[in-house]
Amino acid sequence: MNVRRITAAMCGILATALGGAAAHLVAALVSAPSSPVLAVGSTVIDGTPTPVKEWAVGTFGTADKPILIGSVIAVTLLLAAVAGVLRLRSRAAAVAVLVLLTVLAGAAAVLRPQAGSFAWLPAIVAAVVGVACLEWLVSRTRLLRPDPDVPGEPTRRGVLALGGAGVGAVALGAGGQALARRRAPVTISLPTAADPLPPLAKGVDVGKAGISPFVTPVKDFYRIDTALLVPKVDPGTWSLTIDGDVPDPFTIDLDELLAMPAVERDITLNCVSNPVGGPYVGNARWLGVLTRELFARAGIDADPRDPDLQVLSTSTDGMTISTPLSALLDDRDALVAVGMNGAPLAAERGFPARLLTPRLYGFVGATKWLTRMTVTRYDEQPAYWTERGWATDGTVKTQSRIDTPAPLARLDPGRTTIGGVAWAQGRGIAKVEVRVDDGPWQRATLGVEADIDCWRQWFLPWDATDGRHDLTVRATDGTGEIQTTTMANPFPAGASGLHSIAVTVG
Ligand SMILES: Nc1nc2c(c(=O)[nH]1)N[C@H]1C(S)=C(S)[C@@H](COP(=O)(O)O)O[C@H]1N2
Ligand SMILES: [Mo]
């Protein structure tokens, strides 16, 4: 690599960065998800085979999105460097690489579900700005006419131009990002529940440090979705449609939804991708309208009890989730939720409305940014995860987790507390037991049960003795069934097995 080639590569990279950043800014103005990086990133998410996705979530956790975006940018800039070097030989070859990149980005943007009519525009901007900037940088750096007296030395004008392109790219990109992230200033006022829940019993929290709080604060609640850009939904134009195989399909706006009788429910929500002992579970007090009432309004009064019937729910960003129809009609009280822990749903939580189906993992019952619920058959319109091989019956498995001590913690010998949470929504938790090394199962003290659809805290005092110890927990659900020791991966129907950690005392 000589200086001339490095300079050429830099020209390619900076021109592409400026083009991409300009496109990001334009996208923020016309249709934020059609920004080249986001459109390609979303397409990669949808196209990633399930095992690879499982590996990525398992390895990177919720950092998977920044890592994905970083990888898309890195691959793009690598190709951009190639385009720059090619420019030394042939303008046509360099332009061809840049145009190919933007055509791919444009196609990705146009093919997204819910793509707007201007989805192609950012890619065009990227192509025009990128190619023009490359030509400008090539001439400024005198790449094609190296000075015979100082061969390969970058000129002052050239360095300034490269720096200018870099600064411009950062400024445009940051501007676009700020615009894309700006929050709609509108908020909504929540209705009060017709029959409000009493305040939680004091004893739901056992008052031991290190155990997850009974009510998970919204900011600490895990977040799992396929959205690279949190959809910003305008409550003024939002609507909810109930259609498909129903006698009386209808569409209502947010005011009409908020005018329906509201109910409050304490519900623990967890993700099917949560590994044993993992963090993707939380508990909140939700406010919303019973799905049962909405389907009654659509003319479905009795549960057809047909296991082939699903409700395909659609979000404003085109995501689809399928839920067994009977789970939205029976007495578990599934909700179209508008409030969480006393406030309107945050944007990340699905503002203005999300589905919430107790006893099912989120991927089959918790559609965020909900806008449509279609009664149909599973084989007629497979939902996003169904097409990717995940189970359609997403009933939550019994799980228990040690929150304290932390895995691999070093403890002082003497009295300490082992504690955590256990959940078996729909069945409730009847008993939690802890085993130290190969000792007997010891019964833990449980927090008060708020609802069978909520987790319970548990704790066990322990006289820790010197040495390395394995701590294992298991729960028994309300039907008397002990949590299985059979280990299963999250795919396709949720992880199982016992949570066990090692600690060192002394
Ligand atoms: N629109 C939309 N809704 C969605 C998802 C999604 O990707 N898009 N993910 C689901 C999954 S897999 C889970 S576990 C829950 C998580 O909800 P939370 O992010 O509020 O915790 O949302 C569900 N709803
Ligand atoms: Mo999930």
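Residues numbered from 1 in each chain as written. Chains lettered and ligands numbered in written order. Predicted model: local features only at pLDDT ≥ 70, side-chain atom pairs only at ≥ 80, totals over all residues. Heavy atoms only, no water.

**Focus on the overall build of the protein**
In step 1: For the protein, the helix and strand inventory stands at 11 helices and 19 strands.
In step 2: Considering only C-alpha atoms, the protein reaches an extent of 85 × 70 × 40 Å along its principal axes.
In step 3: Here the protein, with 506 residues, has 49% of them falling under the buried criterion.
In step 4: Nonlocal contacts in the protein, meaning residues at least 24 apart in sequence, comprise 76% of its contacts between residues at least 6 apart.
In step 5: For the protein, the accessible area works out to roughly 22,600 Å², and carbon and sulfur atoms hold 59% of it.
In step 6: A gap of 11 Å separates the mean positions of the 45 positive and 47 negative side-chain charges of the protein. (Helix = DSSP H or I, 4+ residues; strand = E, 2+ residues; numbered from the N terminus. Buried < 20%, exposed > 50% of the residue type's maximum accessible area, 1.4 Å probe, protein only. Contact = heavy atoms within 4.5 Å. Areas by Shrake-Rupley, 256 points an atom, 1.4 Å probe, with all protein chains shown as cover. Lys, Arg positive; Asp, Glu negative; His and termini not counted. Charge placed at Lys NZ, Arg CZ, Asp CG, Glu CD.)

**Describing the sheet that holds strand β13 (residues 414-423)**
In step 1: Here 4 strands make up an open sheet; going across it, the order is β11-β13-β17-β16 and the pairing antiparallel. Pairing within the sheet leaves two strands with one partner each, and these edge strands are β11 (399-404) and β16 (445-446).
In step 2: Note: β13 against strand β17 (residues 456-464), 9 bridges, orientation antiparallel. If you follow Gly414 over to β17, its bridge partner there is Ala464. (Pairing = 2+ DSSP bridges.)

**A look at the UniProt feature "transmembrane region" (unreviewed entry) in the protein**
In step 1: As annotated by UniProt and renumbered to match this structure, "transmembrane region" (unreviewed entry) occupies residues 67-86, 93-111, 117-138 and 159-180.
In step 2: The straight-line gap between the two end C-alpha atoms of residues 117-138 is 35 Å; of that span, 82% is helix and 0% is strand.
In step 3: Along residues 159-180, the helical share is 100% and the strand share 0%, with 31 Å between the first and last C-alpha atoms. (UniProt positions renumbered as here; feature names shortened; annotations may be inferred.)

**Focus: the side chain of Arg456**
In step 1: For Arg456, the location among the structural elements is in strand β17.
In step 2: A relative accessible area of 14% means that Arg456 is categorised as buried.
In step 3: At a separation of 2.8 Å, a polar atom in the side chain of Arg456 contacts the main-chain carbonyl oxygen of Gly447.
In step 4: What Arg456 contacts, discounting residues up to four positions off in sequence, is Gly420, Val421, Ala422, Ile429, Leu446, Gly447, Val448 and Glu449. (Polar contact = N/O pair within 3.5 Å; in protein donor to acceptor, adjacent residues only side chain to side chain.)

**Brief notes about the site of ligand 1**
In step 1: Near ligand 1 there are 19 residues, and of these Tyr222, Thr226, Arg349, Arg354 and Lys368 occur at the shortest range.
In step 2: Between Ser315 and ligand 1, the recorded distance is 3.3 Å, taken from a side-chain N or O atom to a nitrogen atom.
In step 3: Between ligand 1 and Ala366, the relevant distance is 3.0 Å, taken from a nitrogen atom to a main-chain nitrogen or oxygen of the residue.
In step 4: In the complex, 99% of the free accessible area of ligand 1, which totals 530 Å², lies under the protein chains.
In step 5: A breakdown of the residues in the shell around ligand 1 according to their chemical character gives 10 nonpolar, 4 polar and 5 charged. (Near = heavy atom within 4 Å. Nonpolar A, V, L, I, M, F, W, Y, C, P; charged D, E, K, R; others polar.)

**Description of the nonpolar core**
Looking at soluble globular proteins, one finds that nonpolar side chains tend to be buried together.
In step 1: If you look at the biggest cluster of nonpolar residues, it comprises 52 residues, and the most contacted ones within it are Leu257, Trp286, Leu294, Phe295, Val336, Met373 and Val375.
In step 2: Judged by nonpolar contacts, the second largest core, of 31 residues, contains Phe214, Val272, Phe363 and Trp423. (Core = buried A, V, L, I, M, F, W, Y, C linked by side-chain atoms within 4.5 Å.)

**Some remarks on the pairing of strand β4 (residues 281-290)**
In step 1: The buried fraction of β4 amounts to 10 of the 10 residues, a majority that puts the element mostly inside the structure.
In step 2: Pairing of strand β3 (residues 263-270) with β4 involves 8 bridges; the strand directions are antiparallel. By the bridge assignment for β4, Arg265 is matched with Trp286.
In step 3: Alignment of β4 against strand β7 (residues 335-340), held across 5 bridges, turns out to be antiparallel. Looking across to β7, one finds that Leu287 is bridged to Gly339.

**Some points on unusual backbone geometry**
In step 1: Cis geometry is found at the peptide bond from Phe351 to Pro352, where omega equals 5°.
In step 2: In this fold, Pro352 is placed in the loop between β8 (343-344) and β9 (354-356).
In step 3: Geometrically, the link from Thr404 to Pro405 is a cis peptide bond, its omega value of 0° lying close to zero.
In step 4: Its location among the elements puts Pro405 in the loop between β11 and β12 (410-411).
In step 5: In the Ramachandran plot, Arg305 falls in the positive-phi region, its phi being about 50° despite a non-glycine side chain.
In step 6: Note on placement: Arg305 falls in the loop between α9 (291-297) and β5 (309-315).
In step 7: Classification of Arg305 by relative accessible area gives exposed; the value is 70%.

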